[in-house]
Amino acid sequence: PQVTLFQLALLNRYSDQVALLRERLERERKEGNLRRKAQKEELRQLRCDLRWRGRAALDELVRKLAHEAEARSVRGALSSRRAREELVSSVQHAIASGSSLGI
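Residues numbered from 1 in each chain as written. Predicted model: local features only at pLDDT ≥ 70, side-chain atom pairs only at ≥ 80, totals over all residues. Heavy atoms only, no water.

Visitor: Sorry if this is basic, but what is going on with the overall build of the protein here?
Guide: Scanning the protein for helices and strands turns up two helices and zero strands. Since a compact globule built from 103 residues should have a radius of gyration of about 13 Å, the 40 Å found for the protein marks it as more spread out than a globular shape. Going through the 103 residues of the protein one by one, you find that 3% of them count as buried. A total of about 9800 Å² of accessible surface is found on the protein, and carbon and sulfur atoms cover 59% of it. For the protein, the distance from the average position of its 22 positive side-chain charges to the average position of its 14 negative side-chain charges is 3 Å. (Helix = DSSP H or I, 4+ residues; strand = E, 2+ residues; numbered from the N terminus. Rg over C-alpha atoms; globule rule 2.2 N^0.38 Å. Buried < 20%, exposed > 50% of the residue type's maximum accessible area, 1.4 Å probe, protein only. Areas by Shrake-Rupley, 256 points an atom, 1.4 Å probe, with all protein chains shown as cover. Lys, Arg positive; Asp, Glu negative; His and termini not counted. Charge placed at Lys NZ, Arg CZ, Asp CG, Glu CD.)

This is how it looks when you write it as structure tokens:
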């Protein structure tokens, strides 16, 4: 069978369209890969940031709880008359010691 000029032109046109489609698909694939890489990196950064913020918030909470526990402990210790007298005595002793050292 002979190929007509019209069939040859059609074949050429389809061939060009297929080539353009392949190029577009390849470009979109590469762009998609880059987009996915960027999204993965952004997600990694967010996770790191969340971990850092979580640790900082946890550290702050631990500090507050420790401070509150210490304050309750001191208040509890000072609630007894004997403990207050011992504290006053030790502070007076420290002041006297400092004075004798020229502080």
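Visitor: For this particular structure, what's the right way to read a positive patch on the surface?
Guide: Residues Arg 35, Arg 36, Lys 37 and Lys 40 make up a contiguous surface patch of positive charge. Mapped onto the fold, Lys 40 is located in helix α1 (residues 5-78). The exposure class assigned to Lys 40 is exposed, which follows from its relative accessible area of 62%. (Patch = residues over 30% accessible without salt bridge, like charges linked within 9 Å, V, L, I, M, F, W, Y side chains within 5 Å. Salt bridge = Lys/Arg side-chain N within 4 Å of Asp/Glu carboxyl O.)

Visitor: Can you walk me through the pattern of salt bridges in this structure?
Guide: Any two side chains of opposite charge can pair, so long as their charged atoms come close to each other. Under the counting rule described, the total for this entry stands at five salt bridges. Between Arg 24 and Glu 28 there is a salt bridge whose closest N-O contact spans 3.2 Å. Taken as a pair, Arg 24 and Glu 28 lie in helix α1 at a separation of four residues, close to a single helical turn. Glu 28 gets classed as partly exposed once you look at its relative accessible area, which sits at 38%. With its nearest N and O atoms 2.8 Å apart, the salt bridge here joins Arg 44 to Glu 41. One end of the pair, Arg 44, and the other, Glu 41, are both in helix α1, three residues apart, so they sit about a helical turn from each other. Given the relative accessible area of 40%, Arg 44 is considered partly exposed. On the accessibility criterion, Glu 41 (35% relative accessible area) is partly exposed.

Visitor: In this structure, what is going on with the environment of Thr 4? I would like to understand it.
Guide: Along the polypeptide, Thr 4 turns up in the segment before α1. Exposure remark for Thr 4: the relative accessible area of 40% places this residue in the partly exposed category. Sequence separation of Thr 4 and Leu 43 is 39 residues, and the distance between their C-alpha atoms is 58 Å.

Visitor: Just checking my understanding: could you explain a nonpolar patch on the surface for this structure?
Guide: On the surface, Val 3, Leu 5, Leu 8 and Leu 11 cluster together into a nonpolar patch covering about 460 Å² of accessible area. Checked against the element boundaries, Leu 8 lands in helix α1.

Visitor: Can you help me understand the environment of Glu 60 in this one?
Guide: Mapped onto the elements, Glu 60 comes out in helix α1. In this structure Glu 60 comes out as partly exposed when scored by relative accessible area, which is 34%. Distance from Glu 60 to Leu 50, taken between C-alpha atoms, is 15 Å for residues 10 residues apart in sequence.

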